[in-house]
Amino acid sequence: MVMRGWSMPHKLSQIISWPEQQAKAKDFLDQKGWPDNRQEAWKYTSLAHLREQQFLPANGFEKLASSASVEGLEGLMIEISGGIARLHDGQSLPEGISICDISTDDSARAAIFTRLADDHLLPALSALHQTSAIAIDIEKPALSASIPPIILNITGGDKDTACYPLVMVRVHKGTTARIAEIHSSQAGLACPLMVYDVADEAALHHIRLQAEADHTTHLGLNQMQMGKNSQINSFAISMGGALSRLETHSLFLGTDSALAQSAIYLGRDRQHHDITSFVAHELRDCHSRQLIRGVLDDKARGVFQGKVRVAPDAQKTDGQQMSRALLLSRDAEADAKPELEIFADDVVCSHGATVGELDENLMFYLKSRGIAEAEARNMLIDAFLIDTLEEIEDAGFAAFMAAQIAKWSAANR
Amino acid sequence: MNLLEIKNLHVSIGDTKILHGINLTINRGEVHAIMGPNGSGKSTLSYVLSGRDGYEVTEGEILLDGQSVLEMEADERARAGMFLAFQYPVELPGVSGMSFLRAAVNARRREAGEDEVDQLEFVKLVRAAAADLGVDNDMLKRAVNVGFSGGEKKRYEILQMALLQPSLAVLDETDSGLDVDALKIVSHGVNAQRGASCGMLVITHYQRLLSHIVPDYVHILAGGRIIKSGDKSLALEVEENGYAGLVDAA
Ligand SMILES: Nc1ncnc2c1ncn2[C@@H]1O[C@H](COP(=O)(O)OP(=O)(O)OP(=O)(O)O)[C@@H](O)[C@H]1O
Ligand SMILES: [Mg+2]
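Summarised in this report is the structure supplied together with it. It should be emphasised that the depicted structure is a prediction, and the values quoted were computed from it without experimental measurement. Per-chain numbering applies: the sequence of each chain, read as written, is numbered from 1 onward. Chain letters and ligand numbers both follow the written order, the letters beginning at A and the numbers at 1. For a predicted model such as this one, the threshold for reporting local features is a pLDDT of at least 70, and the threshold for listing and counting side-chain atom pairs is 80 or more; totals across whole chains, interfaces and linings nevertheless cover every residue. Remark: hydrogens and water are excluded; side-chain values derive from all non-hydrogen atoms of the structure.

**Some words on the overall build of chain B**
In step 1: When you go through chain B residue by residue, the secondary structure sums to 10 helices and 10 strands.
In step 2: Over its C-alpha atoms, taken along the principal directions, chain B stretches across nearly 55 × 40 × 35 Å.
In step 3: Buried residues are those whose accessible area, probed at 1.4 Å on protein chains only, stays under 20% of the maximum for their type, while exposed residues exceed 50% and partly exposed ones sit between those limits. Residues counted as buried form 51% of the 250 residues belonging to chain B.
In step 4: Contacts were defined at the residue level, with two residues in contact if any of their heavy atoms lie within 4.5 Å. Across chain B, contacts joining residues at least 24 apart in sequence account for 69% of those joining residues at least 6 apart.
In step 5: Summed over all atoms, the accessible surface of chain B reaches about 10900 Å², with 47% contributed by carbon and sulfur.
In step 6: Only four residue types enter the charge count, namely Lys and Arg as positive and Asp and Glu as negative; His and the chain termini do not. Taken as the charge location is NZ of Lys, CZ of Arg, CG of Asp or CD of Glu. Where the 24 positive side-chain charges of chain B centre and where its 35 negative ones centre are 3 Å apart. Per the convention used, a helix needs a DSSP run of H or I reaching at least four residues, while a strand needs a run of E reaching at least two, with both numbered from the N terminus. In this description, accessible areas are obtained by the Shrake-Rupley approach with a 1.4 Å probe, and a residue is regarded as covered only by the protein chains that are shown.

This is the structure in structure tokens:
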């Protein structure tokens, strides 16, 4: 069964061929161009600044993949830089993991893109400009202990180049996989497309760190689809780049599955962070839980758009979504657009969004104990984020993500 | 040198004048009590001493150890030795009690040019101080003040005072909300801090507290002015007759 579509997923019997996909993508981009605030989906995030820019496709392994941003993570490291995706020097594939270059495999790419949202900017960009493409299969070996985490270390490029890496991950039936996506490129435009297929009874622990260069425009899409009785525990931090949008499209295609998908964005200077999420409950007895937290300083801007759709067949759905933004400066701004589209009657869904400032009473209490302004602020920021960080189940991933927040806060002093 | 000297202090919040020329001098080793009707400006005085934003000093001076504190931020004043036990301590969800206490103690120590406190030693120090004040281990593990009862919050304030060893402690109605036994425990904690190096300003409505923490001076604050000062017998007089007579006489 294959599902597609952003607003109205429907069943498709046929895979659309790769040349046809590319032609459609070209048509879409030619007609629509870079969207601005006049388009509903881009109401808070305009890409008009890209209209004047030309990027060269990133190819080759221009810069040695830096390992600074993956410090603290252990596992099988795959380096994706410019047009190259390869295993880190000296590492070999453990049992249970296979990696395949699909950058010239039309049928593989056709199958992947058929399941993505139609008439949508991010898949279209990727279909047309793809710079690298790999597929990773993770399947629990019959007699083996656990499979090591996979680290996708996505780097390289420079401000005149654009990179469009594609990674397809299949977590096979009954397998538990751990994947960290670390985005720290120097590209002018980074458009990573990550597709996760979590099969029946499979589980995925996933973290995603966006720590791109100050000049980068980051347009990422994470598409996740879940089989029956599957689990995803996913957590994203967006803290880099000049303008960043992360779209997550999550589809429940089996019953009795659970998605915990939380995110934090941290903005300062004139950064713009957008997290746009779409969760589609297609079948019954599935749970989704999303906590979004944003911290914005200076003139930074934060956006959260969250849509939860519950199809008529998705009875007993439990869908929770809560977004909160904390503004540290008068000039910072946060927008939230939560949306529920419910077509089933026996469901529990809730959503909410708040925007607040640091509580002066709490600041005074800390300062009255001799704690300096910056340290007091950081204590309250940490307190604001702590329950969200506790959503991360994998201890190694949790420690890594907490360290990223500490790095960000340290620059506040 | 006087520990604290408040000279002709006028304070406004926005356009509202709250304090109208307070004069008060506290020396090391002295305990001063302030009593006064609701809304007379007692908490305002405590906040303006500790440097809370929004309280404008329109006239007058506050000197700590001879130095003006008016240009100092709240955290600087605290590191210079001031401490305020809040009338209404705030809850800090997500801020762990131990790391809060350690941050406060380390801020003081850094200011004094001392090394930061050793983590294990600090836990021992806090446990010992907490035991003296009837603050149990469970409270220490929770987020600051979160889920504490009114009386527990007050004890936690005094625990902080015991750890920070201030030179000037302002206690704003630390007795309200305390049961009889807690009042004794807290008073004992305050008396332990009392000594040659520390001055105290104790704000209260009740003579009862002053039978445990015996003041050297009692001042009556009404309508933003100190209308009468005396010794501990003044507190008894207030307890007997209320404020009406005093206010009329002033
Ligand atoms: N933020 C504020 N804005 C305006 N007026 C205020 C503010 N805070 C306090 N006041 C006013 O200042 C006056 C003094 O208040 P304060 O809290 O200092 O009184 P208090 O003596 O501590 O009273 P209580 O015994 O009830 O604690 C009151 O009239 C109060 O309404
Ligand atoms: Mg008061």
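**Here we look at the coordination of the magnesium ion (ligand 2)**
Residue and element names in this part refer to chain B.
In step 1: Surrounding the magnesium ion (ligand 2) are the protein donor atoms Ser43 (OG) and Gln87 (OE1), at 2.0 to 2.2 Å. Of this pair, Ser43 sits in helix α1 (residues 42-50) while Gln87 sits in the loop between β6 (82-85) and α3 (97-111), and the two are 44 residues apart along the sequence. No difference in accessibility class separates Ser43 from Gln87, as the two residues are buried. Each metal's donors comprise the N, O and S atoms found within 2.8 Å of it (within 3.2 Å for Na, K or Ca). Water is not part of the atom list, so some coordination spheres may appear incomplete.

**As for the pairing of β6 of chain B**
Residue and element names in this part refer to chain B.
In step 1: Judged by which residues are buried, β6 turns out to be covered on both faces: Met82 and Leu84 on one side and Phe83 and Ala85 on the other are all buried.
In step 2: The pairing of β6 with strand β7 (residues 168-172) spans four bridges and is parallel. Bridge pairing links Ala85 to Leu171 in β7. For two strands to be treated as a pair, DSSP must find no fewer than two bridges joining them.

**Looking at the site of ligand 1**
All names here are of chain B.
In step 1: Near ligand 1, the surroundings consist of 13 residues, among which Gly39, Lys42, Ser43, Thr44 and His205 are the closest.
In step 2: Polar contact criterion, stated in full: a pair of N or O atoms within 3.5 Å, where within protein one must be able to donate a hydrogen and the other to accept it, and residues adjacent in sequence count only if both atoms are side-chain atoms. Gly41 is positioned with one of its backbone polar atoms (N or O) 3.0 Å from an oxygen atom of ligand 1.
In step 3: Within the contact set of ligand 1, an oxygen atom lies 3.3 Å away from a side-chain nitrogen or oxygen of Glu173.
In step 4: Compared with its free state, where it exposes 640 Å², ligand 1 has 60% of that area covered by protein.
In step 5: When residues of the shell around ligand 1 are assigned to their parent elements, the largest contribution, three residues, is made by α1.
In step 6: The nonpolar class holds Ala, Val, Leu, Ile, Met, Phe, Trp, Tyr, Cys and Pro. Asp, Glu, Lys and Arg form the charged class, and all remaining residues, Gly among them, are polar. Residues that form the shell around ligand 1 fall into these classes: three nonpolar, eight polar and two charged. By convention in these notes, a residue is near a molecule or strand provided one of its non-hydrogen atoms lies within 4 Å of it.

**Re the pattern of salt bridges**
In step 1: By definition here, a salt bridge exists when the distance from a side-chain nitrogen of Lys or Arg to a carboxyl oxygen of Asp or Glu is within 4 Å. Tallied over the full model, the rule gives 38 salt bridges over all chains.
In step 2: Between Glu157 of chain B and Arg369 of chain A there is a salt bridge; the shortest N-O distance is 2.7 Å. Here the residue Glu157 of chain B occupies a position in helix α6 (residues 150-164), and Arg369 of chain A occupies one in the loop between α4 (360-367) and α5 (373-389), the pair thus bridging two chains.
In step 3: In this structure Arg369 of chain A comes out as buried when scored by relative accessible area, which is 2%.
In step 4: Where Arg194 of chain B meets Asp216 of chain B, a salt bridge forms, and the shortest distance between an N and an O atom there is 3.6 Å. Here Asp216 of chain B lies in the loop between α8 (207-212) and β9 (217-222) and Arg194 of chain B lies in the loop between α7 (180-193) and β8 (199-203), a separation of 22 residues in the sequence.
In step 5: The network of salt bridges with shared partners includes Glu282, Lys307, Arg309 and Glu341 of chain A.

**Describing the pairing of strand β2 (residues 16-26) of chain B**
A regular strand places its side chains so that they alternate between the two faces of the sheet.
Residues and elements named next belong to chain B.
In step 1: Relative to β2, strand β1 (residues 4-13) runs antiparallel, the two being bridged by eight bridges. Looking at β2, one finds that Leu9 is bridged to Ile22.
In step 2: Hairpin remark: β1 followed by β2, antiparallel, with two residues in the connecting loop; positive phi at Gly14, about 60°.

**Describing the side chain of Arg77 of chain B**
Residues and elements named next belong to chain B.
In step 1: Its location among the elements puts Arg77 in helix α2 (residues 74-79).
In step 2: Within the buried set, Arg77 has no salt-bridge partner at all; the shortest N-O distance to an opposite charge, 7.2 Å, is to Glu76.
In step 3: Non-local contacts of Arg77, meaning those with residues more than four positions away in its chain, are made with Val48, Leu49, Ser50, Gly51, Val69, Leu70, Met72 and Met82.

**Observations regarding the environment of Asp89 of chain A**
In step 1: Checked against the element boundaries, Asp89 of chain A lands in the loop between β5 (84-87) and β6 (97-101).
In step 2: Along the chain, Asp89 of chain A and Glu79 of chain A lie 10 residues apart, while their C-alpha atoms are 9.4 Å from each other.

**Side note on the packing of aromatic side chains**
In step 1: By convention, a stacked pair of Phe, Tyr or Trp rings (six-membered ring in the case of Trp) has centres within 6.5 Å and planes under 30 degrees apart, an edge-to-face pair has planes over 60 apart, and any other such pair is tilted. This structure, assessed with the given rule, holds eight aromatic pairs over all chains.
In step 2: An aromatic cluster is defined as three or more aromatic residues linked by ring pairs; in this entry it consists of Phe364 and Tyr365 of chain A together with Tyr47, Tyr55, Phe86 and Phe100 of chain B.
In step 3: Lysine NZ or arginine CZ positioned within 6 Å of the ring centre and within 35 degrees of the ring normal marks a charge as sitting over the ring. The aromatic ring of Trp408 of chain A is capped on one face by Arg268 of chain A, whose charged end is 4.2 Å from the ring centroid.
In step 4: Lying across the ring of Tyr365 of chain A, Arg369 of chain A places its NZ or CZ 4.8 Å from the centre.

**Topic: the sheet that holds β2 of chain B**
Residues and elements named next belong to chain B.
In step 1: Spatially, four strands are ordered β2-β1-β4-β5 in an open sheet, and the strand pairing comes out antiparallel. Strands with a single pairing partner mark the edges of an open sheet, and in this sheet they are β2 and β5 (67-68).
In step 2: Examined bridge by bridge, β1 and strand β4 (residues 56-64) share seven bridges and lie antiparallel to one another. Its bridge partner lying in β4, Leu4 is registered against Leu64.

**Observations regarding the packing of α6 of chain B against α7 of chain B**
All names here are of chain B.
In step 1: Between α6 and α7, the least distance of the axes is 10 Å, while the angle of their chain directions is 15°. With respect to α7, the axis of α6 lies roughly parallel. Like other packed secondary-structure pairs, α6 and α7 cross with a definite hand, here left-handed. Together, Arg155, Ile158, Met161 and Ala162 of α6 and Ala182, Val186, Gly189, Val190 and Gln193 of α7 make up the contact between the two elements.
In step 2: Looking at the contact of α6 with α7 residue by residue, the class counts come to six nonpolar, two polar and one charged. Each axis is a line fitted through C-alpha atoms, taken for helices only over the stretch in contact, and angles between the N-to-C directions span 0 to 180 degrees. Convention used here: angles under 35 degrees read as roughly parallel, angles over 145 as roughly antiparallel, angles from 65 to 115 as roughly perpendicular, and any remaining angle as oblique. A crossing counts as left-handed when the near helix is turned anticlockwise from the far one by less than a right angle, and as right-handed when that turn is clockwise.

**Observations regarding empty space enclosed by the protein**
Residue and element names in this part refer to chain A.
In step 1: Cavity: a set of points on a 1 Å grid over the protein atoms alone where a 1.4 Å probe fits but cannot get out. Pocket: an open set with protein on both sides within 12 Å along at least five of seven lines, its lining residues, like those of a cavity, having an atom within 4 Å of a point. Grid points are joined across faces, edges and corners, and a volume is the space filled by probe spheres set on the points. Tallied over the full model, the rule gives six cavities of 30 Å³ or more.
In step 2: Taken as a whole, the largest cavity spans an internal volume of roughly 100 Å³.
In step 3: Ala236, Leu246, Thr248, Gln261 and Ser262 are, among the 16 residues lining the largest cavity, the residues nearest its centre.
In step 4: Taken together, the elements giving at least two residues each to the lining of the largest cavity come down to β14 (203-210), β15 (217-226), β16 (231-238), β17 (243-252), β18 (258-267), β19 (272-281) and β20 (287-296).
In step 5: Across the lining of the largest cavity, the residue classes tally to seven nonpolar, eight polar and one charged.

**Quick word on the nonpolar core**
In step 1: Formed by 104 residues in total, the largest nonpolar core has its most connected members in Phe100, Tyr156 and Leu159 of chain B.
In step 2: In terms of residue count, α5 of chain A provides more of this core than any other element does, eight residues in total.
In step 3: Counting residues domain by domain, this core receives three or more from each of domain 1 (21-358) and domain 2 (359-413) of chain A.
In step 4: Look past the residues within four positions of Tyr156 of chain B in its chain and what remains in contact with it is Gly97, Phe100, Leu101, Val135, Met139, Leu140, Val144, Asn145 and Phe148 of chain B. Note on terminology: a nonpolar core comprises buried Ala, Val, Leu, Ile, Met, Phe, Trp, Tyr and Cys residues joined through side-chain atoms within 4.5 Å. The source of the domain bounds is an automatic or database domain assignment.

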